[in-house]
Amino acid sequence: MPTISFDGQEITFEPGQTIIEAAMASDLYIPHLCWHPDFPPHGSCKLCSVKVNGRICSACTFPAAEGQEVVSSSEEVRQLRLRLTQMLFVEGNHFCPSCEKSGQCELQAMGYYLGMTDNHYPHFFPVRDIDASHPHVLLDRDRCIFCELCVRASRADGKNVFELAGRGIHTRLVVDSPSGKLGDSNLDVNDRAAHICPVGAIVVKETAFRIPIGQRKYDRRTIAEVSVAEEAPLLRKRYEQKED
Amino acid sequence: MIFCPLPLRGEGTIGHVADQSGFQPYFEAIGFGRWSFIDLLFRSRSLEIDTAESLDAVAAVVDKAVSQHGTRPQHLLAVLRQIQKDCHYLPKQALQSVARRFSLPLARVVGVAEFYGFLHTQPRGEYDIYFSDCVIDVFHDSEALMQRLCHRLRLQPGAVRGDRRVSIDTTSCTGLCDQGPALLVNGWPVPRLTPTLMDAMADHIERRVPVTQWPAEWFLIEDHLCRHDLLLNTPWRPGTGLKNALRQGVGWLLEQLTASGLRGRGGAGFPTARKWQFCRETPGDHYVVCNADEGEPGTFKDRELLKHYADQVFEGMTLAAFVTGARLGFLYLRGEYECLLRPLQAALRQRRCLGLLGRNLCGLMDFHFDIEIVVGAGAYICGEESALLNSIEGLRPHPRNRPPYPVTCGLWNQPTVVNNVESFAAASLIAVHGGEWFAKVGTEKSKGTKLLSISGDCARPGIYEVPFGITVAEVLGLCGSGETLGVQVGGPAGTFVAPSDYQRRIAYEDLGTGGSFMVFGSHRDIIDIATRFAQFFAHESCGFCTPCRVGTSLQLRLMEKIRRGWATAGDIQELESLKQLLEASHCGLGHTAHNPVQHTLAHYPGHYQARLRDLDFSPGFDLDNELETARQLTGRFGDHLRQV
Amino acid sequence: MSKKKIRIATTSLAGCFGCHMSFMDIDERLLDLAEIADFDRSPLSDIKHCEQCDIGIVEGGVCNAENVEVLREFRNHCKILVAIGACAINGGIPALRNRCDLGDCLEEAFLTGIGVTDPKVPGDPELPLLLDKVHPVHEVVKIDYSLPGCPPSADTIWAALTALIEGNAPQLPYELIHYD
Ligand SMILES: Cc1cc2nc3c(=O)[nH]c(=O)nc-3n(C[C@H](O)[C@H](O)[C@H](O)COP(=O)(O)O)c2cc1C
Ligand code: SF4
Ligand code: SF4
Ligand code: SF4
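Residues numbered from 1 in each chain as written. Chains lettered and ligands numbered in written order. Predicted model: local features only at pLDDT ≥ 70, side-chain atom pairs only at ≥ 80, totals over all residues. Heavy atoms only, no water.

Q: So what's going on with the overall build of chain C? Residues and values would help.
A: Counting its regular elements, chain C contains six helices and seven strands. Taken over the C-alpha atoms alone, chain C extends approximately 65 × 35 × 30 Å along its principal axes. Across the 180 residues of chain C, 53% fall into the buried class. Residue pairs in contact within chain C that sit at least 24 positions apart in sequence constitute 77% of those at least 6 positions apart. A total of about 8,600 Å² of accessible surface is found on chain C, and carbon and sulfur atoms cover 55% of it. (Helix = DSSP H or I, 4+ residues; strand = E, 2+ residues; numbered from the N terminus. Buried < 20%, exposed > 50% of the residue type's maximum accessible area, 1.4 Å probe, protein only. Contact = heavy atoms within 4.5 Å. Areas by Shrake-Rupley, 256 points an atom, 1.4 Å probe, with all protein chains shown as cover.)

Given below as structure tokens:
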């Protein structure tokens, strides 16, 4: 099997795999927010930036190739990811103390993982709409990081409930219904799209704050540990299904 | 033309359609087509259209747009543009109806519509005006002219007047820097603006004179073809390149293209022969796409090529079809050049009549190729080839992941050749005169000539066809510049060249360029220039990826801070750190968005230094101004805050 | 020979004093701290203006002109300035008002709202003028370290303080970084 060097370690990959897939298959974590083993890679958050033969590339979309030298855990790359995470914090409105997702949020966990103690940049304080019209699902756009996981998941659900609209810093999440309200859409609380959001932008109502502080997903395990424990098996399952 | 007198809520019957018949031939002659114009169609105060009559009117507008353009994905943009034109915005009901007709989710249509600068989901004025905010136009006083027009018409820039008569805003470069300052009114370009013209325009708008009846000389685009060489000088007869290629075969054509050394003229400089060859080798339903999005500020050479050399461009596309086996091609025309649409369609018709386009080309049984034109709607990112393909497909124009590249996986995931207008025009001549003819001009790595769009502080702005290898100093000699601060080669994403570097050459191996060449006189302010370029990137970032979406806005804030004299040395460091982040972006826009800042900083550190405060830190927002609301409401006008 | 005592100042700007309460939660360690540190301006000491200090601790964001002045006083007098808590770091709960226009808010509250009897926006010079938006402290002055949390736990505050007192940069382990 062909190999790449990942942070100095030789790992094998199957032709056609991206760098993140190759790493995941070897239980090695590369930070990511918009990548999910069950959906086509997207490449927008850039948290998975790694240095491939000296050049910055997105591990989630860049194909692994024999002899590549991939650096993921250098201080330079960590700093880059830290700044990207801080960008995501300041462009939205993330008030974790009052957020239902706190403790289970991938963006927040990314901040913890990268040792982020402040937001570094000036805050944009955008004014975005909150949509509580759905009986079971809340959409709080303040926390959206435009990863399009809900968009991809909803397409897989066969529904197209979510799309992005607007441009640039004015990008916003829109809902497919005549009124634009979630309550008028055909989103079902059991849809994958209702559960895929890595942050607290799409949350299922009446589930918040149930798990006591200290026992939530990222209270004791880092996002790296959770990812390897939960996402690597999903990826393997996908490969097995492909082979069948 | 549609005629649609409508009783609107509480406003009686208002219907007004200009009789354009008398003007039609004239407008066609100067490059304008027939133009439908519905006045006062949607003037009800409420944003929601809910009366039965107006719903019918919306339905009629959508019907018309759909029957005129079709409901294939590549028609979505045209349909939306048409509705925008007829209703002065995209009413929600219209979007719903479009979604149904195209069998798309409504949210998808909204997502596409909201992306483009010239499409709006809120009402715009009956006269919808955009001033070019390109730095060159701004240096020719466009801001004062816009203020004057706004003042005359009693509205704020960016706003729609209460009676919905007029809206005035800015847009990125309109491709008229050689004859700016310029604006677009309902899509029609008006170059060479003056204060008198502004006053007259305000008067026409107040009197509700339809744009079709405005003085024709206002719309006259001059041709400033200042230097001719291989491309502009060689006489052209439709079909000569194609017939030659058909006679000698694909192998011969590719050999000639290889020998010519032709590289892409859109900026990246990929060898054209190899691109066509790769595409040919990939099995599939091939497509040929001409990139006429020409969005790089300061560029306008494609405008002239499309105006005067359109046939040559279409022949180039047909040659690419001959090589790849494509049966369909698209020319993606930037929305700002909509006035070229009619003449281009006429050129296509002519080629069809000559048997150079359509079925059984040149009488051959198995050679079918036709070209459709897709018009953009105000988004620079659509010049990036994969975003352009998404735009044609009726998707949000985000750049795609690469690899795969369009040559193997392009339009509808089929192998696709995407080339710039100038690349196709050159290919046609190479098919007539051979590769060597072309290669004898230029340098080792950059063969042939390049069209430069020269604008700014020089005596003779215009288009100059120059041999590759020419120095910046020589170009400046040609266009007659005086004392200069520097030259921006290749648009904001390109290179800022200071006088000490004027011996550098226009060539892929030195100063690569899509053709923009902006001259800045020594009286210009370098910080101002860099800030305006930063503004361009922040405005045009598509928003797909984090570093560019957020980073371009942060970069703009920092440049504003420097410009206002609040910044410190730490802010310069911050700009450098943003450079690293932008380099992690998804596409070329983000990768190059720091260039104007970093290049000017490298050449003129003193200019930056002079604006900095000798402090560790200073706030980036206007502290005292943030007290203004409270001051006003409490009447405590004496209370102020220092900035630092 | 006893070492010169460290001087610490603390203040709460647009915050809820929750971070100060958490500070109190260091409990008996407060006595250890008192051994080596004196409190300058602080709700603990009731000193009104800050003198030269080694460490300044700021809770809360910046919502009005007085917050700006106090924050600047801290920056000018403290060698090390530490932002503690969500409000100082990103504006926190007070910054939820940033989605409303200040003029509209004041108008509704004091001029046009239901039950308003004497329509007038209070203009007493004693009252600080409000800024249009609540800002995190790092947008107004340079901040050396930040301790996130709402509030940061006593352990976090203690870990950071002891590190600073020993002349080190605070390094918070995973368990001590949280934003809620
Ligand atoms: C942000 C961005 C904008 C671009 N704009 C244009 C454009 O307006 N016209 C163009 O021909 N190429 C543009 N390009 C380059 C195209 O992506 C592509 O390389 C080119 O059309 C290929 O044609 P060529 O090989 O003939 O140059 C742009 C690239 C980027 C990254
Ligand atoms: S989405 Fe995550 S980061 Fe944002 S406020 Fe909620 S918990 Fe915090
Ligand atoms: S709502 Fe959630 S899943 Fe959807 S784009 Fe925003 S952050 Fe991603
Ligand atoms: S770099 Fe900018 S323009 Fe390109 S994909 Fe990212 S956000 Fe869009």
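Q: Please provide a residue-by-residue account of the site of ligand 1, values included.
A: All names here are of chain B. Close contacts around ligand 1 come from 19 residues, with Gly-266, Lys-275, Asn-419, Asn-420 and Ser-423 the closest. Take Gly-266: an N or O atom from its main chain is 2.6 Å from an oxygen atom of ligand 1. Here an oxygen atom of ligand 1 and a side-chain polar atom of Ser-423 are 2.6 Å apart. Contact with the protein chains removes 88% of the 600 Å² of surface that ligand 1 exposes when unbound. Listed by contribution, the elements that provide at least two residues to the shell around ligand 1 are β11 (416-420) and α23 (588-592). For the shell around ligand 1, the element with the highest residue contribution is β11, accounting for three residues. (Near = heavy atom within 4 Å. Polar contact = N/O pair within 3.5 Å; in protein donor to acceptor, adjacent residues only side chain to side chain.)

Q: Now, about the interface of chain C and chain B: what can you tell me, with residues and values included?
A: Counting from both sides, the interface comprises 27 residues of chain C and, opposite them, 20 residues of chain B. Across the interface of chain C and chain B, roughly 1,800 Å² is buried in total on both sides, 64% from carbon and sulfur atoms. For the pair chain C and chain B, the interface holds zero salt bridges. Taken together, the connections running from chain C to chain B amount to eight residue pairs in polar contact (both at pLDDT 80 or more). Breaking the side of chain C that touches chain B down by element, the ones donating at least two residues are α3 (65-77), α5 (102-112) and β6 (130-135) of chain C. (Buried area = accessible area lost by both parts, 1.4 Å probe. Salt bridge = Lys/Arg side-chain N within 4 Å of Asp/Glu carboxyl O.)

Q: Any chance you could break down the nonpolar core for me, citing the residues and the numbers?
A: In this structure, A:Phe162, B:Trp276, B:Leu331, B:Phe369 and B:Phe520 are the most contacted members of the largest nonpolar core, which totals 197 residues. Examining the composition of this core, we find that nine residues originate from one element, helix α14 (residues 310-324) of chain B, more than from any other. Sequence-distant contacts of B:Trp276, that is, excluding residues within four places in its chain, are made with B:Leu254, B:Leu257, B:Gly316, B:Leu319, B:Ala320, B:Val323, B:Thr324, B:Val417, B:Asn419, B:Phe424 and B:Ala427. Listed in part, the 58 residues of the second largest apolar core include B:Ala107, B:Ala387, B:Leu388 and B:Leu389. (Core = buried A, V, L, I, M, F, W, Y, C linked by side-chain atoms within 4.5 Å.)

Q: Can you lay out the side chain of B:Asn291 for me, pointing to particular residues and giving the numbers?
A: All names here are of chain B. As for its placement among the helices and strands, Asn-291 is situated in strand β8 (residues 287-292). Judged by its relative accessible area of 13%, Asn-291 falls in the buried class. Within polar-contact distance, the side chain of Asn-291 engages the backbone oxygen of Gly-383 at 2.7 Å. Setting aside residues up to four positions removed in sequence, Asn-291 forms contacts with Asp-302, Tyr-332, Gly-383, Leu-388, Val-418, Asn-419, Asn-420 and Val-421.

Q: Can you explain helix α6 (residues 154-165) of chain C? Please cite residues and give values.
A: All names here are of chain C. With twelve residues, α6 ought to run about 16 Å at 1.5 Å a step, and its terminal C-alpha atoms sit 16 Å apart, in line with that. For α6, the set of buried residues is Ala-154, Thr-156, Ile-157, Trp-158, Ala-160, Leu-161, Ala-163 and Leu-164. Packed against the buried residues of α6 are β1 (6-12), α1 (18-24), α2 (29-36), β3 (53-59), β5 (78-84) and β7 (145-147). After α6 finishes, the residue Gly-167 shows a positive phi value of roughly 85 degrees. (Expected span 1.5 Å × (residues − 1).)

Q: Requested: an account of empty space enclosed by the protein, with residues and values cited.
A: Taken as a whole, this structure holds ten cavities of 30 Å³ or more when the rule is applied. Estimated volume of the second largest cavity: approximately 130 Å³. Along the walls of the second largest cavity sit 14 residues, with A:Asn119, C:Ile89, C:Asn90, C:Pro148 and C:Tyr179 positioned nearest its centre. Broken down by class, the residue content of the lining of the second largest cavity amounts to eight nonpolar, five polar and one charged. (1 Å grid on protein atoms, 1.4 Å probe; cavity = no way out; pocket = protein on both sides within 12 Å on 5 of 7 lines; lining within 4 Å. Points joined across faces, edges and corners; volume = space filled by probe spheres on them. Nonpolar A, V, L, I, M, F, W, Y, C, P; charged D, E, K, R; others polar.)

Q: Tell me about the interface of chain A and chain B, and name the residues and values.
A: Interfaces are frequently sized by the accessible area removed from exposure as the parts join. Contact with chain A, which involves 41 residues of that partner, is made by 42 residues of chain B. Of the roughly 3,100 Å² buried at the junction of chain A and chain B (both faces included), carbon and sulfur atoms supply 56%. Scanning the region where chain A abuts chain B turns up four salt bridges. A salt bridge links A:Glu163 to B:Arg108, with the nearest nitrogen and oxygen atoms 2.9 Å apart. For the pair chain A and chain B, the interface holds 20 residue pairs in polar contact (both at pLDDT 80 or more). Contributions of two or more residues to the side of chain A that touches chain B are made by α2 (75-91), β8 (162-165) and β9 (172-175) of chain A.

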